[in-house]
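Report on the structure
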Amino acid sequence: MKVISYNLNKHKAAHELEQLVDAHAADILCLQEAVSDDLPAQIAGLRLAEATVRNRLGLAVYHRENTYTALEVRSMALKKSLHDRVLKPAEERMLGVRMRDIDHGQEFLVASFHAAPLTALNSLRRKQIHAALAELSTLGVGLPILMVGDYNYPVFKESLSQRIRDAGYELTLSDARTYTRYKFFRGHYDFATSVGVSIASITTLPQGSSDHLPILIDAELTPRR
């Protein structure tokens, strides 16, 4: 299963998606900072499962129809930062989809996630991550979960990783930095949290029109108790 996650930077990189999906044979595409009304129903053979509607800058999940069936979707508004209250860029910061692998009959959960910006505290982002994962788990008890996106967490990731493990999940970074716009804020912003999923690699793809670099997750579902 190949999953691409991309923060489009206020939809500026939307024109790159067709080529991006084709070039990497992606099965699932998770977007952040997209203008939902401007998203097509299909991108390079991937079908739009759902896009948020209450966000000025929204989330979306696409999937390959001949490989996966979208069964149920759920979006979630998480605890707000001051930035969210004043500028209101995103009411919903997690969009989850319960899917079924057509060939193997296995169900799993995939989500596009966008944490509060750097003006917020890491403690708020941690609460958002845990709340999003908890909400996802209610979509299908015991199902594998893969949540990818812009976590806005460039520093102290060792501490975050330990907290994630304590909660029963794994945090996986890509092989190179995903945000390079500002010298003092460069780092790994876009990564994955998961359970019941074996991640072979996460590759940072070449930079396009966005201030974030897209990431490609190569993963495989594993049975969960």
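Look a little higher up for the structure.
A short tour of the structure in this document, coming up. (Residues numbered from 1 in each chain as written. Predicted model: local features only at pLDDT ≥ 70, side-chain atom pairs only at ≥ 80, totals over all residues. Heavy atoms only, no water.)

1. So, the sheet that holds strand E13 (residues 215–221)
What counts is decided by this rule: Here, a strand pair is defined by DSSP locating no fewer than two bridges between the strands. Secondary structure elements follow DSSP: runs of H or I no shorter than four residues count as helices, runs of E no shorter than two count as strands, and numbering proceeds from the N terminus. Residues are treated as being in contact if the distance between any of their heavy atoms lies within 4.5 Å. Comment: axis = line fitted to C-alpha atoms, over the contacting stretch for helices; angle = value between 0 and 180 degrees taken between N-to-C directions.
Pairing is mixed in the open sheet, where seven strands are placed in the order E3-E4-E5-E2-E1-E13-E12. Every interior strand has two partners, whereas the edge strands, strand E3 (42–43) and strand E12 (197–204), have only one. In the sheet, strand E2 (residues 28–34) pairs with strand E5 (residues 58–64) via five bridges, with the strands oriented antiparallel. Within E5, the position partnered with Ala-34 by the bridge is Gly-58. The sheet strands contacting helix H1 (residues 17–24) are strand E1 (2–7), E2, E3, strand E4 (46–51), E5 and E13, and the helix crosses E1 at an angle near 155 degrees.

2. Considering the layout of surface pockets
Which entries qualify depends on this criterion: Any residue with an atom within 4 Å of a point lines the site, the site being either a cavity, points on a 1 Å grid over the protein atoms alone where a 1.4 Å probe fits but cannot get out, or a pocket, an open set with protein on both sides within 12 Å along at least 5 of 7 lines. Grid points are joined across faces, edges and corners, and a volume is the space filled by probe spheres set on the points. Three categories are distinguished: nonpolar for Ala, Val, Leu, Ile, Met, Phe, Trp, Tyr, Cys and Pro, charged for Asp, Glu, Lys and Arg, and polar for the others, with Gly belonging to the last.
Its boundaries defined by the atoms lining it, the second largest pocket holds a volume of some 160 Å³. Along the walls of the second largest pocket sit Tyr-6, Glu-16, Gln-19, Leu-20, Ala-23, His-24, Pro-206, Gln-207, Gly-208 and Pro-214, which together make up its complete lining. Of all the elements, H1 adds the most residues to the lining of the second largest pocket, at four residues. The class makeup of the residues in the lining of the second largest pocket is five nonpolar, four polar and one charged.

3. Here's the deal with helix H4 (residues 157–166)
Applicable threshold: Each residue is assigned to one of three classes by its accessible area relative to the maximum for its type, calculated with a 1.4 Å probe on protein chains only: buried under 20%, partly exposed between the two thresholds, exposed over 50%. Regarding the arc, it is the one traced by the directions from the helix axis to the C-beta atoms.
Looking at H4, one finds that the buried residues are Lys-157, Leu-160, Ser-161 and Ile-164. Down the axis, H4 shows its buried residues gathered within 100 degrees of arc, on one side only. Seen from the buried face of H4, the exposed residues on the opposite side, beyond 90 degrees, are Glu-158 and Asp-166. Packing partners of the buried residues in H4 comprise helix H3 (122–137), strand E10 (170–172) and strand E11 (190–195).

4. Quick word on the side chain of Gln-32
Note the following rule: A 3.5 Å cut-off defines polar contacts: any pair of N or O atoms within that distance qualifies, except that in protein one atom must be a possible hydrogen donor and the other a possible acceptor, and neighbouring residues in sequence count only when both atoms are side-chain atoms.
Among the structural elements, Gln-32 can be located in strand E2. At a separation of 3.0 Å, a polar atom in the side chain of Gln-32 contacts the side chain of Ser-112.

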